[in-house]
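A closer look at the structure
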Amino acid sequence: MARLLTTLTGLSLASIAIASPLQARQYDASPCAAVAASLASQPSSSATPTVPAQLAYDCITSVPFNQSAALALVDGVKPYFKWQSNTVWLKDPPAEYAEKVQPGVDIWGELEKIRAKVVGGEYDNEHAFGFELYTLLQSTHDGHFVFIPDSVGNIFNFARPVPIVSVSSDGKELPKAYVYADVLAESFGNSSFASSAISKINGQDAKEFLENWAQRGSLQDRDALYNNVFYELATVSLGPVGSGIGTFAGSGRGRWVYPGPTTEFVFENGTTRTYDNYAKVLVSFAGITDGASLYKKWLSGPQPTPTPGAAPSGNSTAPTPSATASATPTPIPAPGYPPPVVREIHNLIGGYFLEDDYSDVAVLSVPSFVGIDAQEEFQATAANFLAAAKAAGKKKLIVDVQANGGGTILLGYDLYKLLFPNNVDHAAADRFRAFESTDVIGQKFSEVAGTFPRTLVNETGNETLATLNENIASSVFNYRTDIDVNLENFDSWQDKFGPGLEQKGDNFTNLFRWNLSDVLIPLNSGGIYVHGYGPLSNYTEQPFAAEDVVVVTDGYCASTCTIFSELMRQRAGVKYISLGGRPREGITQAVGGVKGTNNYPWTYIQALAQYVVTELNSTAEESTELRNTELGEYFDDTPFLRASTGQSINVNFRDGIRDNDTSNVPLQFVYEASDCRILYTKAMTVDVTAIWKAVSDSAWGGKSHCVAGDMGGYKTKAKREMTVQDKVLSRRMNAWRRELKAEDYPLDVFTDETVMQLNGNGLMPV
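Residues numbered from 1 in each chain as written. Predicted model: local features only at pLDDT ≥ 70, side-chain atom pairs only at ≥ 80, totals over all residues. Heavy atoms only, no water.

Under the annotation held in an unreviewed UniProt entry, the chain carries the name Tail specific protease domain-containing protein and is attributed to Paraphoma chrysanthemicola.

1. Some points on empty space enclosed by the protein
Which entries qualify depends on this criterion: For each structure, a 1 Å grid was placed over the protein atoms alone; sets of points admitting a 1.4 Å probe that cannot get out are labelled cavities, open sets with protein on both sides within 12 Å along at least five of seven lines are labelled pockets, and lining residues have an atom within 4 Å of a point. Grid points are joined across faces, edges and corners, and a volume is the space filled by probe spheres set on the points. To qualify as a helix, a DSSP run of H or I must reach at least 4 residues; to qualify as a strand, a run of E must reach at least 2; elements of each kind are numbered from the N terminus. Put simply, Ala, Val, Leu, Ile, Met, Phe, Trp, Tyr, Cys and Pro go in the nonpolar bin, Asp, Glu, Lys and Arg in the charged bin, and everything else, Gly too, in the polar bin.
In the structure shown here, the tally under the stated rule is 7 cavities of 30 Å³ or more. In this structure, the second largest cavity encloses a volume near 150 Å³. In terms of lining, the second largest cavity is formed by 17 residues, of which the most central are Thr562, Ile563, Ser565, Glu566 and Leu667. In terms of residue count, helix 19 (residues 560-571) provides more of the lining of the second largest cavity than any other element does, 6 residues in total. Each residue belonging to the lining of the second largest cavity can be placed in one class, and the counts come to 7 nonpolar, 4 polar and 6 charged.

2. Structural notes on helix 2 (residues 53-60)
Rules: When a residue's accessible area, from a 1.4 Å probe over protein chains only, is under 20% of the maximum for its type it is buried; when over 50% it is exposed; and in between it is partly exposed. This arc is taken over the directions from the axis of the helix to the C-beta atoms.
Burial in helix 2 covers these residues: Ala53, Leu55, Ala56, Cys59 and Ile60. Along the axis of helix 2, the buried residues cluster in a sector spanning 165°; they form a single face.

3. Observations concerning the side chain of Thr560
Heads up, the rule is: Here a polar contact is taken to be a pair of N or O atoms separated by no more than 3.5 Å, where protein atoms must pair a possible hydrogen donor with a possible acceptor and residues adjacent in sequence count only if both atoms sit in side chains.
Counting through the fold element by element, Thr560 comes out in helix 19. Within the structure, Thr560 has its side chain in polar contact with the backbone oxygen of Gly407 (distance 2.7 Å).

4. Looking at the sheet that holds strand 10 (residues 342-343)
We apply this condition: Strands are treated as partners if at least two bridges between them are detected by DSSP. Working rule for contacts: check all heavy atoms of both residues, and any pair within 4.5 Å makes them a contact. Note on definitions: angles span 0 to 180 degrees between N-to-C directions of axes, and those axes are lines fitted to C-alpha atoms, for helices only across the stretch in contact.
In spatial order, the strands read 10-11-12-13-17-18-21-22; together these 8 strands make up an open sheet with mixed pairing. Since the sheet does not close on itself, it has two edges, and those belong to strand 10 and strand 22 (708-709), each with one partner. Alignment of strand 12 (residues 361-365) against strand 13 (residues 396-400), held across 5 bridges, turns out to be parallel. When the sheet's bridge partners are listed, Ser365 is paired in strand 13 with Asp400. Each of strand 13, strand 17 (549-553) and strand 18 (575-579) is contacted by helix 19, which is oriented at about 130° to strand 18, the strand it contacts most.

5. A look at the sheet that holds strand 20 (residues 650-657)
Taken in spatial order, the 3 strands of this open sheet run 14-20-19, and their pairing is antiparallel. Edge positions in the sheet fall to strand 14 (429-431) and strand 19 (598-601), since each of these pairs with one other strand and no more. Neighbour-to-neighbour, the strand axes of this sheet turn through a mean angle of 30°, independent of strand direction. Here strand 19 runs beside strand 20; their pairing, made up of 4 bridges, is antiparallel. For Pro601, the partnering residue across the bridge sits in strand 20 and is Asn650. Each of strand 19 and strand 20 touches helix 20 (residues 602-614); the most contacted strand, strand 19, lies at about 70° to it.

6. Topic: the state of the cysteines
Inclusion rule: A pair of sulfur atoms, both from cysteines and within 2.5 Å, is called a disulfide here.
Under the defined criterion, the tally for this structure stands at 3 disulfides. Here Cys32 connects covalently by a disulfide to Cys59, the sulfurs 2.2 Å from one another. In this structure the cystine formed by Cys32 and Cys59 twists about its S-S bond by roughly 100°; its chirality is therefore right-handed. Of this pair, Cys32 sits in helix 1 (residues 31-41) while Cys59 sits in helix 2, and the two are 27 residues apart along the sequence.

7. Observations concerning the nonpolar core
Using the following cut-off: Put simply, buried Ala, Val, Leu, Ile, Met, Phe, Trp, Tyr and Cys residues joined by side-chain atoms within 4.5 Å make one nonpolar core.
One finds Leu397, Phe564 and Met568 to be the most contacted residues of the largest nonpolar core, which totals 99 residues. Looking at this core, the element that brings in the most residues is helix 15 (residues 409-419), giving 8 residues. Apart from residues lying up to four places away in sequence, Leu397 is in contact with Ala362, Val363, Leu364, Phe385, Leu386, Leu419, Phe544, Asp548, Val549, Val550 and Trp700. With 70 residues, the next largest nonpolar core counts Tyr80, Phe147, Tyr604 and Val670 among its residues.

8. Side note on helix 24 (residues 724-739)
To be explicit about the condition: A helix is expected to span 1.5 Å multiplied by its residue count minus one.
Over its 16 residues, helix 24 extends 23 Å from the first C-alpha to the last, a length consistent with the 22 Å expected when each residue adds 1.5 Å. Taken together, the buried positions of helix 24 are occupied by Asp726, Leu729, Ser730, Met733 and Trp736. All buried residues of helix 24 lie within an arc of 130° about the axis, which places them on one face of the element. The outward face of helix 24, more than 90 degrees from its buried face, is lined by the exposed residues Val724, Arg731, Arg738 and Glu739. Packing partners of the buried residues in helix 24 comprise strand 11 (350-353) and helix 23 (688-701).

9. Thoughts on the pattern of salt bridges
Between side chains of opposite charge, a pair can form as their charged atoms come close. What counts here: A pairing counts as a salt bridge when a side-chain nitrogen of Lys or Arg comes within 4 Å of a carboxyl oxygen of Asp or Glu.
Within the structure shown, the criterion is met by 35 salt bridges. Here Arg642 and Asp150 are joined by a salt bridge, their closest N and O atoms 2.8 Å apart. Residue Arg642 is located in the loop between helix 22 (638-641) and strand 20, and its partner Asp150 is located in helix 8 (residues 150-153); the two are separated by 492 residues in the primary sequence. Given the relative accessible area of 6%, Arg642 is considered buried. Using a relative accessible area of 1% as the deciding quantity, one classes Asp150 as buried. With a shortest N-O distance of 2.6 Å, Asp548 and Lys396 are connected by a salt bridge.

10. Overview of the packing of helix 3 (residues 67-81) against helix 20
What counts here: Should an angle lie under 35 degrees it is considered roughly parallel, over 145 roughly antiparallel, and from 65 to 115 roughly perpendicular; all remaining angles are considered oblique.
The contact between helix 3 and helix 20 brings their axes to 10 Å, and the two run at 80°. Considering their axes alone, helix 3 and helix 20 lie roughly perpendicular with respect to each other. In this structure, helix 3 contributes Val77, Tyr80 and Phe81 to the contact, and helix 20 contributes Trp602, Ile605 and Gln606. Split into classes, the residues belonging to the contact of helix 3 with helix 20 amount to 5 nonpolar, 1 polar and no charged.

11. Topic: the side chain of Gln84
Following the sequence through the fold, Gln84 ends up in the loop between helix 3 and helix 4 (87-91). Owing to a relative accessible area of 0%, Gln84 belongs among the buried residues under this scheme. Engagement of the side chain of Gln84 in a polar contact is seen with the backbone nitrogen of Asn652, the distance being 2.8 Å.

12. Some words on unusual backbone geometry
Of note, the amide linkage connecting Gly498 to Pro499 takes the cis form, showing an omega dihedral of 5°. Its location among the elements puts Pro499 in the loop between helix 18 (493-497) and strand 15 (501-503). Backbone geometry at Ser559 places phi at a positive 60°, although glycine is not the residue there. Along the chain, Ser559 turns up in the loop between strand 17 and helix 19. Positive phi values are uncommon outside glycine, yet Asn664 reaches one of about 55°. Residue Asn664 is classed as buried on the basis of its relative accessible area of 17%.

Written out as structure tokens, the structure is:
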């Protein structure tokens, strides 16, 4: 599938700010004028200026409601909502999903309610309308279904100046929330200091407050959502492209929710602390005097939009903007991570060896499946580390996918095939909604693709042929690209499209799979071949037995990570350990993010439709006929003019359907408990090896840290005779641990995708 080049913009703060010089008060002028005055008084060197949260909220909610523009936006999003694969399942989910995960959401019905309120002029201000539209998509807890209106994400980001963690006192008692700075002080400061748990937040029971706040996140599973509230080493290691220091402190989805003017903690030891919440100001307020002038300057102006008729460029599986990593990228710190054996410079993947009694254990940390053009580096890091682990005599492997929101789809396949080269090579089958737009695009793409040779290597230097193969031939809308569930080629577009199945009033295509032997596969994989195919077809030696591999996750696992997990659990039989979760008894899910198998940016959908109408026609009359189909609905730029600049605008295009599941329930709605649940401890929030050692103990060491579930009664491991290299590593690890200090752990890591642009092949937007 081809991709449209756009830019993901994130939002950052270089250093934490507790309050600006202007405190929240009764303003002599309008609140937006007060913001402008505050910014004028702040040093111009400030990376991102800040104002009190109350002032920012008063300003954004003073922007008058524009009824006609709001109506155009509500009507403008409708064509793209049709591409969301699972709206009928969201409305009527399986009973187990509704009970254990999330309640049903009627997307179309709720959108009509918003439209009726727009027509009735019922919104008090522009932000109230924008936030309700944003919340509609967010309430699906499908991380691939995203639209951030400009009034929600363009002007301010909200934050609290206090990251927190959720930890168990001993790994057995239910977790409680702590101020992370207190945990650091306890870990590295005065040995007599003991941190106290938070009992109340803003007068409410802390557990209740945090569980409610967690629901503002993008994940589906409530325990994964809860983990995402807090500071985690894995998310911090991703720097600005992860969910930073947790949604509570204003990273990830937390940055779009007004947290109130202050945050008050009551601690179990009886003390209290109050923090001033703040907002990061993302635009210039020069010339802004009130809400109306703010609207005119920043909420109604044109933004960069796709060029009508431009060929969809590239060929990525989920083409949210293409970009390359910086020519001289700066390494991202990974606080709490030990010296690596090998690590990709952005911490997207890294390999580690454990020491002393754990010296037979290797750890492959995979917090992302790559959202930048670093697929080759990712693949090489994984392959080199596994080879190094075997050469060093390691017997066990932990794969750590904490914080993994996805990435390039076929990197998930490749990592699985690196680990299990002789196992079944496909995960769940895919499908998408079968409706007029997808049918017309598929007919034209399949027709045109039959007029030129399907080839990757263009020895003639014919750039036109290369472009056609990249943009059309390798697309999912060319029936020749994929194979059916019997691993056979499709005979025609109709053979693939069907419709193959009707469920709950919606039609869906026939099921299909990736053809990993396809000559054009590098165009769908970021330029790599999957191990076991093409020039890598001679890779056949399995590095570790399935019982010697375990995967650990915080539940954030989403998108490509869920595809990888489907392969690992269903095909290889690898066991999964879930971490943390709500302060409740019982098992949790290991995979708590979106399980859709492909997201599509709205910009790409628009490019597809316009390309078919304006370019893939033989006569002017045919172009007119195509424009008179549903494809004519995609020439309105309103949704792009009203979206937050640079933020992801996506739908979940494909569902995953498990083999032999006659119910054809999308995996998004299938509940799956992990094999074992381990609680975070304070030590795990400063030293990630504490997590890995607890995992190793539970899987192979004869000492279970599972508070729910079980790893199957593995025998106590035999004592390993340490080699010279093991002893050298142990000394190095102990030296690293002694040198850790509180200053190593940044408290100001906020989501900011502009620092490292994403191409998001299946990446779940944070």
